[in-house]
Amino acid sequence: FDPILGWRNRPGTTATYNRLEYKTKVVINSLGFRDVERSPRKALGGHRVLVMGDSFIEAYAVERDHGITRRAEISAGNAGCPTEVVNAGVHGYSIDQEYLWYRQEGFALDADIVVMAVYYNDIVQTVRTRYWGSPTPLLEVRNGKLTPVNTPLEPPPPRAPATASKRQLSGSALQFLVLERLITGAPRFYAQLSRRGLVAPNEPETVPDELRVYKKRGQLGEVRAAWARTEEILVAFAEAVRAHGAIPVIAHIPASFEVVDKDWDLTLMKYGLTEDAWDRSLV
């Protein structure tokens with residue numbers, strides 16, 4: 001728990017993620033990040049890039065040296081341009097937490113370039129005060145400066161132990177597997193079969209609030225406010241970085257449906273969306 005940021009990694013800790021998709025060892029360095037050990041100040045005459053973001057940057061689903069920051073650092077070195085690429089990603093962080101951390105601590109790492117990696121779910125989170133039950137800072141412009149208005153944060157209540165839930169299935173397991181693979185692999189073909197009555201129609205799920213940033217008309221007031229707040233944060237981030245003599249970079253991490261046609265078709269089907277009201281290029 002952190003009374004300003006909501007949470008942070010505890011330096012020196014180690015954890016093992018054991019999932020169906022991956023098994024990785026995560027070691028947190030003395031700066032509180034999943035990275036090799038770094039000096040608080042860059043080497044004299046050296047080059048340093050600081051990358052802030054959430055779990056995409058922290059990269060706990062792959063081994064450390066396969067994350068984007070380590071790969072960038074190794075690639076730069078192999079190209080004859082030795083550069084430290086510091087991983088400052090923290091799982092679950094949004095751009096408001098990243099901005100506050102840089103303003104309070106990150107600037108001291110003396111980076112030449114500071115990257116803020118933005119994912120679409122960051123946008124709505126900028127106007128909310130909780131993330132998966134944990135408190136988060138809320139920023140507003142006060143006296144011309146972006147300021148947290150709800151800190152210090154209260155610690156979240158203890159969480160009950162997680163219990164595994166079993167999905168109840170009926171009928172042929174092979175049929176279920178084939179249809180599930182068909183939906184995810186060829187959603188438009190599945191829709192054609194459904195219209196002909198050959199397979200059951202897909203039941204749309206409720207649209208997550210985070211996804212509503214891709215709606216091109218009829219946006220909720222919260223989403224419009226989130227877009228405005230996001231702009232304020234990005235501008236303040238750039239100003240803060242330049243004030244410390246560094247170059248700000250905003251890096252968009254695309255969702256798979258933004259770049260893969262099949263995944264966009266699947267998203268439309270999953271939530272019952274129509275292409276005339278939704279635009280995957282908006283973010």
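That block above? That's the structure.
So, here's what we can say about the structure. Bear in mind the structure is a predicted one, so any value in this text is a computation, not a measurement.

Considering the overall build of the protein
- On a plain count of helices and strands, the protein comes out with nine helices and ten strands.
- Seen along its three principal axes, the alpha-carbon backbone of the protein occupies a region of about 70 × 45 × 45 Å.
- Within the protein, the fraction of its 283 residues that count as buried is 40%.
- Summarising the internal contacts of the protein: among those between residues at least 6 apart in sequence, 68% fall at separations of at least 24.
- With the model as given, the accessible surface of the protein reaches about 16200 Å², and the carbon-plus-sulfur share is 54%.
- Between the averaged position of the 35 positive side-chain charges in the protein and that of its 34 negative side-chain charges there is a distance of 3 Å.

Remarks on helix 3 (residues 95-104)
- Of all the ten residues making up helix 3, eight are buried; the element is thus mostly covered by neighbouring parts of the structure.
- Residues of helix 3 that are buried include every one of I95, D96, Q97, E98, Y99, L100, W101 and Y102, and no others.

What about the sheet that holds strand 10 (residues 247-252)?
- The strand order 4-3-5-10 describes an open sheet built from four strands, whose pairing is parallel. The strands lining the two open edges of the sheet, one partner per strand, are strand 4 (84-89) and strand 10. Adjacent strand axes in the sheet meet at a mean angle of 20°, parallel and antiparallel pairs treated alike.
- Bridging between strand 5 (residues 113-118) and strand 10 involves six bridges; their strand directions are parallel. Paired with V114 across the bridge in strand 10 is P248.

A short note on the environment of L174
- With respect to the element layout, L174 can be found in helix 5 (residues 173-185).
- Linking L174 and D110, residues 64 residues apart in sequence, is a C-alpha distance of 57 Å.

Conventions adopted
Residues numbered from 1 in each chain as written. Predicted model: local features only at pLDDT ≥ 70, side-chain atom pairs only at ≥ 80, totals over all residues. Heavy atoms only, no water. Helix = DSSP H or I, 4+ residues; strand = E, 2+ residues; numbered from the N terminus. Buried < 20%, exposed > 50% of the residue type's maximum accessible area, 1.4 Å probe, protein only. Contact = heavy atoms within 4.5 Å. Areas by Shrake-Rupley, 256 points an atom, 1.4 Å probe, with all protein chains shown as cover. Lys, Arg positive; Asp, Glu negative; His and termini not counted. Charge placed at Lys NZ, Arg CZ, Asp CG, Glu CD. Pairing = 2+ DSSP bridges. Axes fitted to C-alpha atoms, helices over the stretch in contact; angles between N-to-C directions.

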